[in-house]
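These are the residues of each chain, in order.
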Amino acid sequence: MDAITELDSFERRMVADLVERAKRSMADFGKCDQRSVDDAVTALAWSLYKPENARMLAEMAVADTGMGDADSKYVKNTRKTFGTLRDLLRAKTVGLIGEDRDKGLAYFGKPVGVVGAVCPSTNPAATPVNKAMMAVKGGNAIIIAPSPSGYLTTERTVELMRSELAKAGHSEDLVQILPAPVNKATTQELVAQVDLAVVTGSQDNVRRAMRSGTVAIGVGAGNVPAIIDGSADLDDAAQKIARSKTFDNATSCSSENAIILLDSIYERAIEALERAGGWLCDAAERDSITQELWVGGKLNRRAIAKDARTLAALFGLRTGSENRKFFMVEEAEVGGKRSFADEKLSLVLALYRARDFGDAKRIVREILEVAGLGHSVGIHTRDMARARELAAETDVVRVLVNQAHTFGNGGGFDNALPFTLSMGGGTWAGNTIDDNLNYRCFINVTRLVTTIPEDKPSEEELFGTYWKKFGK
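Cut-off values and rules
- Residues numbered from 1 in each chain as written.
- Predicted model: local features only at pLDDT ≥ 70, side-chain atom pairs only at ≥ 80, totals over all residues.
- Heavy atoms only, no water.
- Pairing = 2+ DSSP bridges.
- Helix = DSSP H or I, 4+ residues; strand = E, 2+ residues; numbered from the N terminus.
- Axes fitted to C-alpha atoms, helices over the stretch in contact; angles between N-to-C directions.
- Contact = heavy atoms within 4.5 Å.
- Patch = residues over 30% accessible without salt bridge, like charges linked within 9 Å, V, L, I, M, F, W, Y side chains within 5 Å.
- Areas by Shrake-Rupley, 256 points an atom, 1.4 Å probe, with all protein chains shown as cover.
- Salt bridge = Lys/Arg side-chain N within 4 Å of Asp/Glu carboxyl O.

Trainee: What exactly am I supposed to notice about the sheet that holds strand β8 (residues 224-228) here?
Mentor: Strand pairs in the sheet, formed through backbone hydrogen bonds, run parallel or antiparallel to each other. In space, the seven strands of this open sheet follow the order β10-β13-β14-β9-β8-β15-β16, with parallel pairing throughout. Looking at strand neighbours, the two that pair on one side only are β10 (278-280) and β16 (396-401), the edges of this open sheet. Each strand of the sheet is rotated relative to its neighbour by a mean of 25°, with strand direction disregarded. Pairing of β10 with strand β13 (residues 326-331), which is carried by three bridges, proceeds in the parallel orientation. Across the sheet, the residue bridging to Leu280 is Met328, located in β13. With respect to the sheet, helix α9 (residues 234-246) is in contact with β8, β9 (256-262), β13, β14 (348-354) and β15 (374-380), its orientation differing from that of β9 by roughly 165°. In the packing of helix α11 (residues 283-293) onto the sheet, the strands contacted are β10, β13 and β14, and the crossing angle to β13 comes to about 105°.

Trainee: Any chance you could explain the sheet that holds strand β3 (residues 115-118) here in plain terms?
Mentor: In space, the five strands of this open sheet follow the order β5-β4-β3-β6-β7, with parallel pairing throughout. This sheet does not close on itself; its edge strands, each paired only once, are β5 (175-177) and β7 (215-218). On average, adjacent strands in this sheet sit at an angle of 20° to one another, irrespective of strand direction. Here strand β6 (residues 196-199) pairs with β7 via four bridges, running parallel. Along β7, the bridge assignment pairs Ala197 with Ala216. Here helix α6 (residues 151-167) sits on the sheet and contacts β4 (142-145) and β5; the angle it forms with β5, its principal contact strand, is near 155°.

Trainee: Would you mind showing me how to read a nonpolar patch on the surface here?
Mentor: A contiguous nonpolar surface patch, about 400 Å² in accessible area, is contributed by Trp46, Tyr49, Phe82 and Phe413. Mapped onto the elements of the fold, Trp46 is located in helix α2 (residues 34-49).

Limitation: the analysis is restricted to geometry and does not speak to function.
The following block contains the structure:
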């Protein structure tokens, strides 16, 4: 029998008990008004945003998983939580949430049910809280399935959320965690028993959820390419790319993985990237990185989300590289899987030289075909016509203009995208959403429909233009 489907009756009952407790908590929570629901959401936010908690969980995450940087995770824990809370407190989800009297429509928010949230090792504190806030905002209870490598951090995160919910007068069972030891079989059983599965992490987990028979929201793989064109402020672009690339040692799915430089500014753009902390690898170093970054057909865990000093030693780079922030590899053409065009989850940045803007768009498309289709693209330019052209012609959900991608793609205080840690890529990525995961994904809406004055055009109004062009 498949190890993923093999599960004993005890484990099935264990999952069923969690779901039943979640349903009981929802029954009481369903009596709450919007203000009380928002108190619960704020309690969840405070459980992570509280400075000592944010710092402790950031340090725990690095210790547990061996990935990322504690200072970056502290920023992620606080910034994402603050931004998500801002968004949620501005939304209505309980009772009458909107009305369009001219169309005779009134909208009532309802819970979707018990949510099962599969969370990644890259964000073992921030993602569980982010999803819990959105789920509870919709009146739902949530059960977290953490990554095994980040379990201790997520377990402590859930304890803090439950404690804060109790302090605010709400049932702790609005937020629960799948007990250890977590594995694919128990995670899949959770997905099978809940009303909605929300999956962030490996594409294997996403695909399993989509095939489970449970309504599922999965998000696509990142692999962000970004264009620097001839009109860009090169130092501004380089500083933003460096800040984005190095944040949390490139664990974010929104971290730039490839930069396409137009021929006219190629050398000057590389110089700007070097000023921003980049190390330009020579041919021998490129070969060494290739050998160490992929081992046995997979990304080397010794390279994933490690700091620059560790990588410089692992890759055997020249003296001086250990003091740089990230490493640049020049590529003559776009390769396939397990090439520098693929997602790297490390401080390695591929550089491509484009003849002109049309060629840059071609390179972007080819990179996305390797990985990241649907996710996002960046462009640094002063020419908004080019940005619109890129958006019109590229199969991604988000095109960010003159932004540090990691800080803008999941919502920012200077753009209007919803704050989130989970980004859908539409059907291009095999996802059910083409937006940032947000509270709207966690409510059903009942439409109260009343009559309005008849809105029925004549046949001439509908068919007249067609008849004149093509006849009856």
